[in-house]
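Spelled out, the chains give:
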Amino acid sequence: MQANIVCIPGDGIGPEIVAEAKKVLNKVAAVYGHEFNFEDVLMGGASIDAYGIPLTDETIAKAKAADAVLMGSIGGDAKTSPWYKLEPSKRPEAGLLGIRKALNLFANLRPAILYEELSAACPLKTEISEKGFDMMIMRELTGGLYFGERKTFEENGEKKAIDTLTYSESEIRRIAIKAFDIAMKRRKKVTSVDKANVLDSSRLWRSVTEEVAKDYPEVTLEHMLVDNAAMQLVKDPAQFDVILTENMFGDILSDEASMVTGSIGMLASASLNDTKFGLYEPSGGSAPDIAGKGIANPIATILSAAMMLRFSFDLDKEADAIEKAVKKALKSGYRTIDIMPQDEDERASVKQIGTARMGDIIASNI
Ligand code: NAD
């Protein structure tokens, strides 16, 4: 196939890690006979430096015209960077919010996988971590409490604040369909997380999810209350395949799930709209503390590129090849600084390498 990919290298380690993802995609293209065309655009701090604003209309137009967007990360050190002397709506992160809105990205996907070779970094007890886990958290991104009406006012001499949590049937249906579609490509189980014992919005969430489930007889749907889900993520994470949930619950649970993997440089993510289009980026930030040193872990960005092949281009075989290439690199003992073992003996059994070398090894494994 032929695909046009807009790349937003961004700030900090962004350009370093995106370069490695491109390297791996070029290898996939060569091996499997595809043509991926890349175009770099500016966003975040890099765009402020060039144009005075974090997101230009031109960047939005190019992203909209592309088949998918691959991003590094945005932002700098809030204490030292001049970008943070600007008012909040002109800072690098405003670019990120702006592009998500412009592209109507309503579904955020964050896989949390515990790799056997990195299980020592998992903060859970060995009897839990040794079972491993591989889950996909799907969070609704444009509705709920973060976008509902809010106000602060005074009543009887004291301040009061109100936030509203609203969801419509169509908002729930479109993300539920995405979750079931993705479960069909995985182990065919959806855990829908809500607070249906208290919230009306959750009861609607539950009933619409059940309606959607009727179109997917092969997929098992279970419902779980959010407080229980927070517990189960640390008690028995292996039980989860796809977790489907609303905006705020997803915000909290996806961070919890990523922390139990123990390795931020390994965490991919995707944000999708209702077509096949998506924006793919590592979960971590621009890591200004290590930018320009050639030591950042490119694996989260490379795995985000694999998600792009799977979800935007339906190239499942090629996505599998990237994931296997990453596992092989880990199995062969290659580690970037962030995933080096703490234990002295274990450190002696692996090889610490930099960003570009990790990209080379993964590309050569394909
Ligand atoms: P961060 O994720 O950039 O860094 C946290 C720690 O993790 C640092 O010690 C960093 O060195 C390490 N780290 C992160 N990614 C790594 C990688 N690939 N390889 C090795 N180590 C890695 O979080 P932060 O320091 O809170 O934020 C820095 C900047 O990134 C801020 O400006 C923040 O707003 C921005 N940010 C951007 C995004 C995004 O672009 N989507 C997301 C989160 C934070």
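Structure: see above.
Here, residues in each chain are numbered from 1, in the same order as that chain's written sequence. With the structure being a predicted model, the display of local features is reserved for residues of pLDDT at least 70 and the display and counting of side-chain atom pairs for 80 or more, all residues being used for whole-chain, interface and lining totals. Hydrogens and water are ignored here; the side-chain numbers use all heavy atoms of the structure.

Visitor: When you look at the overall build of the protein in this model, what are you seeing that I'm missing?
Guide: Along its length, the protein carries 13 helices and 14 strands. Radius of gyration: C-alpha atoms only; globule rule: 2.2 Å multiplied by the number of residues to the exponent 0.38. Over its C-alpha atoms the protein spans a radius of gyration of 21 Å, differing by no more than 12% from the 21 Å that the globule rule assigns to 366 residues. Structurally, the protein occupies a C-alpha span of about 60 × 50 × 45 Å along its principal axes. Looking at the protein as a whole, 52% of its 366 residues qualify as buried. Whether two residues are in contact is decided by their heavy atoms: any pair within 4.5 Å suffices. Within the protein, counting contacts between residues at least 6 apart in sequence, those at least 24 apart form 75% of the total. Where accessible areas are quoted, they stem from the Shrake-Rupley method and a 1.4 Å probe; at the residue level, only the protein chains shown are allowed to cover. Here the protein has roughly 16500 Å² of accessible surface; of this, 52% comes from carbon and sulfur atoms. Under the convention used here, Asp and Glu are negative, Lys and Arg are positive, and both His and the chain ends fall outside the count. Every charge is mapped onto a representative atom, which is NZ of Lys, CZ of Arg, CG of Asp or CD of Glu. In the protein, which carries 44 positive and 55 negative side-chain charges, the distance between the mean positions of the two groups comes to 1 Å. Helix numbers and strand numbers start at the N terminus; a helix is a DSSP run of H or I with at least 4 residues, a strand a run of E with at least 2. Any residue under 20% of the maximum accessible area for its type is buried, any over 50% is exposed, and the rest in between are partly exposed; the area is computed with a 1.4 Å probe on protein chains only.

Visitor: What exactly am I supposed to notice about the packing of helix α11 (residues 316–331) against helix α13 (residues 355–364) here?
Guide: Helix-helix packing is described using two parameters, namely the angle between the two axes and the distance between the axes. In contact at an axis separation of 8 Å, α11 and α13 are set at 120° when each is read in the N-to-C sense. Regarding the angle of α11 to α13, the classification is oblique. At the point where α11 passes α13, the crossing takes the right-handed sense. Residues A325, V326 and A329 of α11 touch α13, and the partners they reach there are M358, I361 and I362. Residue composition of the contact of α11 with α13, grouped by class: six nonpolar, no polar and no charged. Every axis in this analysis is a line fitted to C-alpha atoms, fitted for helices over the stretch in contact. Angles between the N-to-C directions lie between 0 and 180 degrees. Orientation is classified from the angle alone, with under 35 degrees giving roughly parallel, over 145 giving roughly antiparallel, 65 to 115 giving roughly perpendicular, and any other angle giving oblique. Should the near helix be turned counterclockwise from the far one by less than a right angle, the crossing is left-handed, whereas a clockwise turn marks it as right-handed. As a working rule, the residues Ala, Val, Leu, Ile, Met, Phe, Trp, Tyr, Cys and Pro are called nonpolar, Asp, Glu, Lys and Arg charged, and the rest polar, with Gly in that last group.

Visitor: It is not clear to me how the environment of T164 should be interpreted in this structure. Could you clarify?
Guide: With respect to the element layout, T164 can be found in the loop between β7 (158–163) and α6 (169–184). Residues T164 and R150 lie 14 residues apart in sequence; the distance between their C-alpha atoms is 6.3 Å. When near neighbours in sequence (up to four residues on either side) are disregarded, T164 contacts G144, L145, G148 and E149.

Visitor: Where do I start with the pattern of salt bridges in this structure?
Guide: Where charged atoms of side chains with opposite charge meet at close range, the side chains can pair. Think of a salt bridge as a Lys or Arg side-chain nitrogen and an Asp or Glu carboxyl oxygen that are within 4 Å of each other. On inspection of all chains with the given rule, the structure shows 28 salt bridges. In this structure, the salt-bridge partner of K131 is D236, at a minimum N-O distance of 3.4 Å. On the criterion of sequence distance, the pair formed by K131 in the loop between α5 (126–129) and β5 (134–140) and D236 in the loop between α8 (226–235) and β10 (242–245) is long-range, its members being 105 residues apart. A salt bridge links K185 to D316, with the nearest nitrogen and oxygen atoms 2.8 Å apart. Of the two residues, K185 sits in the loop between α6 and β8 (189–194) while D316 sits in helix α11, which places them 131 residues apart along the sequence. Look at K185 and you get partly exposed, because its relative accessible area is 31%. When salt bridges that share partners are traced, they join D134, R186, R187 and D241 into one network.

Visitor: Just to check I follow, could you spell out the side chain of S254 for this structure?
Guide: Relative to the helices and strands, S254 is located in helix α9 (residues 247–261). On the basis of relative accessible area, S254 is assigned to the buried category, the value being 3%. Polar contact is defined as a pair of N or O atoms within 3.5 Å, subject to the rule that within protein one atom must be able to donate a hydrogen and the other to accept it, and that residues adjacent in sequence are counted only when both atoms are side-chain atoms. A distance of 2.7 Å separates a polar side-chain atom of S254 from the backbone oxygen of G250. S254 has contacts with R110 and I137, leaving out every residue within four places of it along the chain.

Visitor: What exactly am I supposed to notice about the sheet that holds strand β4 (residues 107–113) here?
Guide: In a beta sheet, neighbouring strands are held together by backbone hydrogen bonds and run either parallel or antiparallel to one another. An order of β2-β1-β3-β12-β11-β4-β5-β10-β8-β9 is seen for the ten strands of this open sheet, with the pairing classed as mixed. Two strands in the sheet have a free side with no partner beyond their single neighbour: β2 (35–40) and β9 (220–225). On average, adjacent strands in this sheet sit at an angle of 25° to one another, irrespective of strand direction. Sitting on the sheet, helix α1 (residues 14–32) is in contact with β1 (2–10), β2, β3 (68–73) and β12 (278–282), with an inclination near 165° to β1. Those strands touched by α6 are β4, β5, β8, β9, β10 and β11 (268–272), and its axis lies near 165° from that of β5. At least two DSSP bridges between two strands are needed for those strands to be called paired.

Visitor: What am I meant to see in helix α3 (residues 57–65) here?
Guide: The periodicity of an α-helix, 3.6 residues per turn, causes residues three or four positions apart to be oriented the same way. Among all positions of α3, only T59, I60 and A63 are buried. All buried residues of α3 project into a common sector of 100° when viewed along the axis, lining one side. Across from the buried face of α3, at angles greater than 90 degrees, the exposed residues are D57 and A65. Residues of α3 that are buried sit in contact with β1, β3 and α4 (92–102). By arc we mean the arc of the directions from the helix axis to the C-beta atoms, nothing more.

Visitor: Just to check I follow, could you spell out the site of the ligand for this structure?
Guide: Taken together, 21 residues sit near the ligand, with G76, E93, G285, A287 and N297 positioned nearest. Between G285 and the ligand, the recorded distance is 2.7 Å, taken from a backbone N or O atom to an oxygen atom. Protein coverage of the free-state accessible area of the ligand, which is 810 Å², stands at 68%. Classifying every residue of the shell around the ligand gives nine nonpolar, eight polar and four charged. Nearness is defined per residue: one heavy atom within 4 Å of the molecule or strand is enough.

Visitor: Would you mind showing me how to read unusual backbone geometry here?
Guide: Note on backbone geometry: most residues besides glycine have negative phi, and most peptide bonds are trans. Of note, N156 is a non-glycine position whose phi angle comes to about 50°, a positive value. Its identity is not glycine, yet D314 carries a phi of approximately 55°, on the positive side. Within the fold, D314 resides in the loop between α10 (299–312) and α11. Classification of D314 as partly exposed rests on a relative accessible area of 42%.

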